[in-house]
Amino acid sequence: MPTDEQRAADLLGRVEHGRVATSMRALPFLASARHIVVDGRVLLRLHKGHGYHRACVGGVVAYGADVPTARSGSWSVQVVGECAAVEPTAAELDRFGPAPRSVDGVPFDPVYLRVEPQFATVHSVIDSDCP
């Protein structure tokens, strides 16, 4: 039976985007991010221009993604762990795919973070009309 960490990594590998949660100036916030899973770790690509990465690096963050409208039901994943700034390899950059051209009208400037999961949660809901 796979662990929640293994299930979380598998499910995160099925979607491209999620949300990273931490706090900035003692207030909680969420930021959208593109992600890939590499060796059980979650690599994130965010827009540097917002500065959200500064609140994440060196701290503990939560990263979550979900599929709320799947025909067979929905699932939600959250991993919690320490966050560090990283320089992705060429192969990892290729897996991220092309970066957006702009964010909020300014050129996209990527920054990459790695979340080392300490624990994970996986929740699933099966619709009542599904076999």
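Residues numbered from 1 in each chain as written. Predicted model: local features only at pLDDT ≥ 70, side-chain atom pairs only at ≥ 80, totals over all residues. Heavy atoms only, no water.

Per an unreviewed UniProt entry, the chain carries the name Lpp-LpqN domain-containing protein and comes from Streptomyces lacrimifluminis.

### Things to note about the overall build of the chain
Test applied: Elements are defined by DSSP. Helices are runs of H or I of four residues or more, strands are runs of E of two residues or more, and each kind is numbered from the N terminus. Our radius of gyration is a C-alpha quantity, and the globule rule it is checked against amounts to 2.2 Å times the number of residues to the power 0.38. Note on classification: 1.4 Å probe, protein chains only; a residue is buried when its accessible area is under 20% of the maximum for its type, exposed when over 50%, partly exposed between these limits. Residues are treated as being in contact if the distance between any of their heavy atoms lies within 4.5 Å. In short, Shrake-Rupley with a 1.4 Å probe defines the accessible areas, and a residue's cover is counted only from the protein chains shown. We score Asp and Glu as negative and Lys and Arg as positive, and we do not count His or the chain ends. Lys charges are placed at NZ, Arg charges at CZ, Asp charges at CG and Glu charges at CD.
A count of helices and strands for the chain gives three helices and eight strands. Secondary structure of the chain in N-to-C order comes out as α-β-β-β-α-β-β-α-β-β-β. Radius of gyration (C-alpha) of the chain: 15 Å, near the 14 Å computed for a compact globule of 131 residues. If one aligns the C-alpha atoms of the chain with their principal axes, the spans along those axes are about 45 × 30 × 30 Å. Counting only residues that meet the buried cut, the chain has 38% of its 131 residues in that class. Nonlocal contacts in the chain, meaning residues at least 24 apart in sequence, comprise 70% of its contacts between residues at least 6 apart. Carbon and sulfur atoms form 52% of the exposed surface of the chain, whose accessible area is close to 7900 Å². In the chain, 13 side chains carry a positive charge and 15 a negative one; their mean positions are 5 Å apart.

### Focus on the packing of aromatic side chains
We count it as follows: Geometry of aromatic contacts follows a simple scheme: Phe, Tyr and Trp rings, the Trp one being its six-membered ring, pair when their centres are within 6.5 Å, and the pair is stacked under 30 degrees between planes, edge-to-face over 60, tilted otherwise.
Per the stated rule, a full pass over the model turns up two aromatic pairs. Taking the centre distance of 4.9 Å and the plane angle of 40 degrees together, the rings of F29 and Y52 count as tilted. Taken together, the positions of F29 in strand β2 (residues 27–38) and Y52 in helix α2 (residues 52–56) put the pair 23 residues apart, joining distant regions of the chain.

### Quick word on helix α1 (residues 4–12)
This is how the line gets drawn: Our arc is simply the arc of the directions from the helix axis toward the C-beta atoms.
Taken together, the buried positions of α1 are A8, L11 and L12. Along the axis of α1, the buried positions cluster into a sector of 95 degrees, meaning they face one direction only. Close packing links the buried residues of α1 with β2, β3 (41–47), β4 (60–67), β5 (74–85) and β8 (110–125).

### Concerning the sheet that holds β5
Two strands in a sheet stick together by hydrogen bonds in their backbones, pointing the same way (parallel) or opposite ways (antiparallel). Our working rule: Between any two strands, pairing holds if DSSP finds at least two bridges. With axes taken as lines fitted to C-alpha atoms, and helix axes fitted only over the stretch in contact, angles between N-to-C directions fall between 0 and 180 degrees.
The antiparallel closed barrel is built from six strands, whose spatial order is β1-β2-β3-β8-β5-β4. Pairs of neighbouring strands in the sheet enclose a mean axial angle of 40 degrees, with direction left out of account. Contacts from α1 reach β2, β3, β4, β5 and β8, with the element oriented near 115 degrees to β8.

### Remarks on the layout of surface pockets
Note the threshold: In this analysis a 1.4 Å probe is tested at points of a 1 Å grid over the protein atoms alone, and where it fits but cannot get out there is a cavity; an open set with protein on both sides within 12 Å along at least five of seven lines is a pocket; lining residues have an atom within 4 Å of a point. Grid points are joined across faces, edges and corners, and a volume is the space filled by probe spheres set on the points. Only Asp, Glu, Lys and Arg are considered charged, only Ala, Val, Leu, Ile, Met, Phe, Trp, Tyr, Cys and Pro nonpolar, and every remaining residue, Gly among them, polar.
Taken as a whole, the largest pocket encloses approximately 250 Å³ of empty space. If you list the elements that add at least two residues to the lining of the largest pocket, you get β1 (17–24), β2 and β3. Tallying contributions element by element places β2 first for the lining of the largest pocket, with four residues. The residue makeup of the lining of the largest pocket, split by class, is nine nonpolar, five polar and three charged.

### As for the pairing of β5
Here β4 runs beside β5; their pairing, made up of eight bridges, is antiparallel. Among the inter-strand pairings, V60 is bridged to a residue of β5, identified as E82. Bridge count for β5 against β8 is 12 bridges, and the pairing is antiparallel. Bridged to V77 within β8 is V122.

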